Amino acid sequence: MTEKKYEIGMIGLGVMGRNLVLNIGDHGYSVSGYDKDITKVQELQTEVGSRTINAAQSLDEFVSVLSTPRAIMMLVPAGKIVDTVIHELIPHLEKGDLIIDAGNSHFKDTDLRAKSLAEKGILYMGVWNFWRGRRSAAWS
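Now for a description of the structure that goes with this document. Keep in mind that this is a model prediction, so the values were computed, not measured. (Residues numbered from 1 in each chain as written. Predicted model: local features only at pLDDT ≥ 70, side-chain atom pairs only at ≥ 80, totals over all residues. Heavy atoms only, no water.)

### Re helix α4 (residues 80–89)
Among all positions of α4, only V82, V85, I86 and L89 are buried. Taken end-on, α4 shows its buried residues confined to a sector of 100°, consistent with a single buried face. More than 90 degrees from the buried face of α4, the exposed residues found are K80 and H87. (Buried < 20%, exposed > 50% of the residue type's maximum accessible area, 1.4 Å probe, protein only. Helix = DSSP H or I, 4+ residues; strand = E, 2+ residues; numbered from the N terminus. Arc of directions from axis to C-beta.)

Below, the structure written as structure tokens:
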């Protein structure tokens, strides 16, 4: 495990998550990536090159290498998986940490998650639905 503190973390290293991690790294930011599927972590590791990217082997490692307050983006399928990831993350987080849901969560689920996490002092932002709502309002 490395002592470097990374600026942002990404949970979900499918095609979109892995490519966003690499893009963030290409633009000079340090990023840590994690996925429960170790083969996806290994795929990221093979592509790191000279970028400041950590491919975390465990959730503990992933959270521990992030600078505080932590900013963690999730690119996982909407629905129960989002809730599972949040449930697994909560014991590792502190007040002021931020979870960014960049998946396609339903806005009502996003609202409930934001309210529940706010009670714990954790910030929650549903990016996709924020943008979709703004775009729809602007284009109608």
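Now that the structure is up, let's keep going.
### What to know about the nonpolar core
The tendency in soluble globular proteins is for nonpolar side chains to be buried as a group. Ranked by size, the top nonpolar core spans 21 residues in total, and within it I11, F62, M74, L89 and I99 carry the most contacts. Of all the elements in the fold, those that place two or more residues in this core are α3 (59–64), β4 (71–74) and α4. When residues in this core are grouped by element, the largest group, four residues, is from α4. The contacts of F62, once residues within four sequence positions are left out, are G9, M10, I11, S32, G33, Y34, A56 and I72. Grouped together as the second largest cluster of nonpolar side chains are 16 residues, L13, V41, A71 and I100 included. (Core = buried A, V, L, I, M, F, W, Y, C linked by side-chain atoms within 4.5 Å. Contact = heavy atoms within 4.5 Å.)

### Notes on the environment of K40
Mapped onto the elements, K40 comes out in helix α2 (residues 38–47). Under the relative-accessibility criterion, K40 is labelled partly exposed at 28%. Sequence-wise, K40 and G12 are 28 residues apart; in three dimensions their C-alpha atoms are separated by 8.6 Å. In contact with K40, other than residues within four places in its own chain, are L13, G14 and D35.

### Concerning the pattern of salt bridges
Within this structure, the stated rule accounts for eight salt bridges. Linking E88 and K36 is a salt bridge whose minimum nitrogen-to-oxygen distance equals 2.7 Å. Taken as a pair, E88 in helix α4 and K36 in the loop between β2 (31–34) and α2 lie far apart in primary sequence, 52 residues in all. Residue class for K36 comes out exposed when judged on its relative accessible area of 60%. Of the charged contacts, one joins R113 and D83 as a salt bridge, the two residues approaching to 2.7 Å between their closest N and O atoms. Of this pair, R113 sits in helix α5 (residues 107–118) while D83 sits in helix α4; the two residues are 30 residues apart in sequence, bridging distant segments of the chain. Among the residues examined, R113 registers a relative accessible area of 7% and is labelled buried. A residue is classified by how much of its surface remains accessible, and D83, at 39% relative accessible area, is partly exposed. (Salt bridge = Lys/Arg side-chain N within 4 Å of Asp/Glu carboxyl O.)

### Here we look at the packing of aromatic side chains
Scanning all chains against the criterion turns up one aromatic pair. Taken together, a centroid distance of 6.0 Å and an interplanar angle of 35° make the contact between Y34 and F62 tilted. With Y34 in strand β2 and F62 in helix α3, this pair connects stretches of sequence that are 28 residues apart. Each member of the pair, Y34 as well as F62, carries the same accessibility label: buried. (Phe/Tyr/Trp six-rings, centres within 6.5 Å; stacked < 30°, edge-to-face > 60°.)

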